[in-house]
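Below are the chains, spelled out letter by letter.
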Amino acid sequence: MINSWFLDLLWLYITTSSVLVVLVVFLLKTPKRNLEEEWKQLEIEKDEAFENRVNLMMMNGRSDVQAIKYIRKEKNLGLLHAKQYLDRIKESKE
């Protein structure tokens, strides 16, 4: 009986320790991932000629979706960053 009780406690100790280690690693990696996303956002430099082309597209009746696709293709950005880029262009136009 004592032997089975000891094995149960050992199993509980190993399981909880493993879960805690995984959680600590996950929590330590999460802020780093967020910093990398912010860095990618800072890399988008202002390009007057490109912004003028996008503005011209918008004035010619192109939709936001088409403009975002164009920005993604030309600047090699993700969807969120391309949307933020388009929003910045729209704000600067007004």
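Scoring rules and cut-offs
- Residues numbered from 1 in each chain as written.
- Predicted model: local features only at pLDDT ≥ 70, side-chain atom pairs only at ≥ 80, totals over all residues.
- Heavy atoms only, no water.
- Helix = DSSP H or I, 4+ residues; strand = E, 2+ residues; numbered from the N terminus.
- Buried < 20%, exposed > 50% of the residue type's maximum accessible area, 1.4 Å probe, protein only.
- Areas by Shrake-Rupley, 256 points an atom, 1.4 Å probe, with all protein chains shown as cover.
- Patch = residues over 30% accessible without salt bridge, like charges linked within 9 Å, V, L, I, M, F, W, Y side chains within 5 Å.
- Salt bridge = Lys/Arg side-chain N within 4 Å of Asp/Glu carboxyl O.
- Phe/Tyr/Trp six-rings, centres within 6.5 Å; stacked < 30°, edge-to-face > 60°.
- Lys NZ or Arg CZ within 6 Å of the ring centre and 35° of its normal.
- Expected span 1.5 Å × (residues − 1).
- Arc of directions from axis to C-beta.
- Axes fitted to C-alpha atoms, helices over the stretch in contact; angles between N-to-C directions.
- Parallel < 35°, antiparallel > 145°, perpendicular 65-115°, else oblique.
- Contact = heavy atoms within 4.5 Å.
- Nonpolar A, V, L, I, M, F, W, Y, C, P; charged D, E, K, R; others polar.
- pLDDT = per-residue confidence, 0-100.

### Some details on the overall build of the protein
Reasoning step 1: Of the regular secondary structure elements, the protein holds four helices and zero strands.
Reasoning step 2: Start at the N end of the protein and walk to the C end: the helices and strands fall as α-α-α-α.
Reasoning step 3: The 94 residues of the protein split such that 18% are buried.
Reasoning step 4: As displayed, the protein has an accessible area near 7,900 Å², and 63% of this comes from carbon and sulfur atoms.

### A few points about a nonpolar patch on the surface
Reasoning step 1: The grouping of Leu9, Trp11 and Leu12 at the surface amounts to a nonpolar patch, some 340 Å² of accessible area in total.
Reasoning step 2: Positionally, Leu12 belongs in helix α1 (residues 2–42).

### Details of the packing of aromatic side chains
Reasoning step 1: In the structure shown here, the tally under the stated rule is two aromatic pairs.
Reasoning step 2: Each residue in the set Phe50, Tyr70 and Tyr85 is aromatic and connected to the rest through ring pairs, giving one cluster.
Reasoning step 3: If you follow Lys75 out to its NZ or CZ, it ends over the ring of Phe50, 4.9 Å from the centre.

### Considering helix α4 (residues 79–93)
Reasoning step 1: Spanning 15 residues, α4 covers 21 Å between terminal C-alpha atoms, matching the ideal 21 Å at 1.5 Å per step.
Reasoning step 2: Along α4, the residues that are buried comprise His81, Ala82, Tyr85, Leu86 and Ile89. Taken end-on, α4 shows its buried residues confined to a sector of 140 degrees, consistent with a single buried face. Opposite the buried face of α4, by more than 90 degrees, sit the exposed residues Leu79, Leu80 and Glu91.

### Focus on the packing of helix α2 (residues 48–59) against α4
Reasoning step 1: Running from N to C, α2 and α4 point in directions that differ by 80 degrees, and their axes come no closer than 10 Å. In terms of their interaxial angle, α2 and α4 are classed as roughly perpendicular. Across the interface between the two elements, Phe50, Glu51, Val54, Asn55 and Met58 of α2 pack against Tyr85, Leu86, Arg88, Ile89, Lys90, Ser92 and Lys93 of α4.
Reasoning step 2: Its residues assigned to classes, the contact of α2 with α4 shows six nonpolar, two polar and four charged.

### Quick word on unusual backbone geometry
Reasoning step 1: Residue Asn76 is not a glycine yet carries a positive backbone phi of 55 degrees.
Reasoning step 2: Of note, Asn76 is situated in the loop between α3 (64–75) and α4.

### Considerations on the pattern of salt bridges
Reasoning step 1: Taken as a whole and assessed by the stated rule, the structure comprises three salt bridges.
Reasoning step 2: Across the pair Arg88 and Glu51 runs a salt bridge, and its minimum N-O distance is 3.7 Å. In this pair, Arg88 sits in helix α4 while Glu51 sits in helix α2, placing the two residues 37 residues apart along the sequence.
Reasoning step 3: Judged by relative accessible area, Arg88 falls into the partly exposed class, the value being 33%.
Reasoning step 4: The exposure class assigned to Glu51 is buried, which follows from its relative accessible area of 6%.

### Overview of the confidence of the model for the protein
Reasoning step 1: Averaged over every residue, the pLDDT of the protein is 80; residues scoring 70 or more account for 76%.
Reasoning step 2: The lowest-confidence element of the protein is α1, averaging 74 in pLDDT; the highest-confidence one is α3, averaging 91.

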